[in-house]
Amino acid sequence: CFRAPSSSFHMAPCSRTTAAFNDIEVSFADEAESCYVSSHVLGLSSPVFCAMLTSGMAEDQQRRIEISADLGTKQQFEQFYKFLLPWSGREQEVDETNVDGLLAFSNYYQIEGLKLVCEDFLLGWVKKHAPSAGRFIQADRCSLPRLRVC
């Protein structure tokens, strides 16, 4: 598994600040439940989110982002969002269960650092497993040059 550098400092989130800063609703196609996240975290992490949330687009005006089923699920988005958080994101690990969702979201929202971590994980993965056509297609679709040549 690949993980960000570990931190021994853990602080429980304050419920007042959590409610105050989770100002964007994220809804998911074909799923009844939505979740609330911080526009600050999204905007600072991604140029795509930043543009969506500062340019007067519908997402900015409605304070709502819709995730298509083609991009991912609520569970995958929640895993992705955990990587974006300032402290707890350092404790997250890329593994076989989350790499595809993380890669899809980080590619779509142009979060190059997370894409690189996913590519590093997949490079190690293909050394242990026979690379599949699906992985090569994914490498091409997500612009992962090191994986395309494995």
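Residues numbered from 1 in each chain as written. Predicted model: local features only at pLDDT ≥ 70, side-chain atom pairs only at ≥ 80, totals over all residues. Heavy atoms only, no water.

Draft legend 1. Layout of the pairing of strand β2 (residues 24–28). For β2, a buried count of five out of five residues is recorded, marking the element as mostly surrounded by other parts of the structure. Bridge analysis of β2 against strand β3 (residues 35–37) gives three bridges, and the strand direction is antiparallel. Within β3, the position partnered with Glu 25 by the bridge is Tyr 36. Turn length for the β2-β3 hairpin, with the two strands adjacent in sequence and antiparallel, is six residues, and the turn residue Asp 30 shows positive phi of about 65 degrees. Where β2 meets strand β4 (residues 64–67), four bridges bridge the pair, whose relative direction is parallel. The partner of Val 26 across the bridge, within β4, is Ile 65. (Buried < 20%, exposed > 50% of the residue type's maximum accessible area, 1.4 Å probe, protein only. Helix = DSSP H or I, 4+ residues; strand = E, 2+ residues; numbered from the N terminus. Pairing = 2+ DSSP bridges.)

Draft legend 2. A look at the pattern of salt bridges. Applying the stated rule across the entire model yields ten salt bridges. Two residues, Glu 78 and Lys 74, come together in a salt bridge whose shortest N-O distance is 3.1 Å. Placement of both Glu 78 and Lys 74 in helix α5 (residues 74–84) is noted, with a separation of four residues, approximately one turn of the helix. Sharing partners across several salt bridges, the network here consists of Asp 23, Asp 60 and Arg 63. (Salt bridge = Lys/Arg side-chain N within 4 Å of Asp/Glu carboxyl O.)

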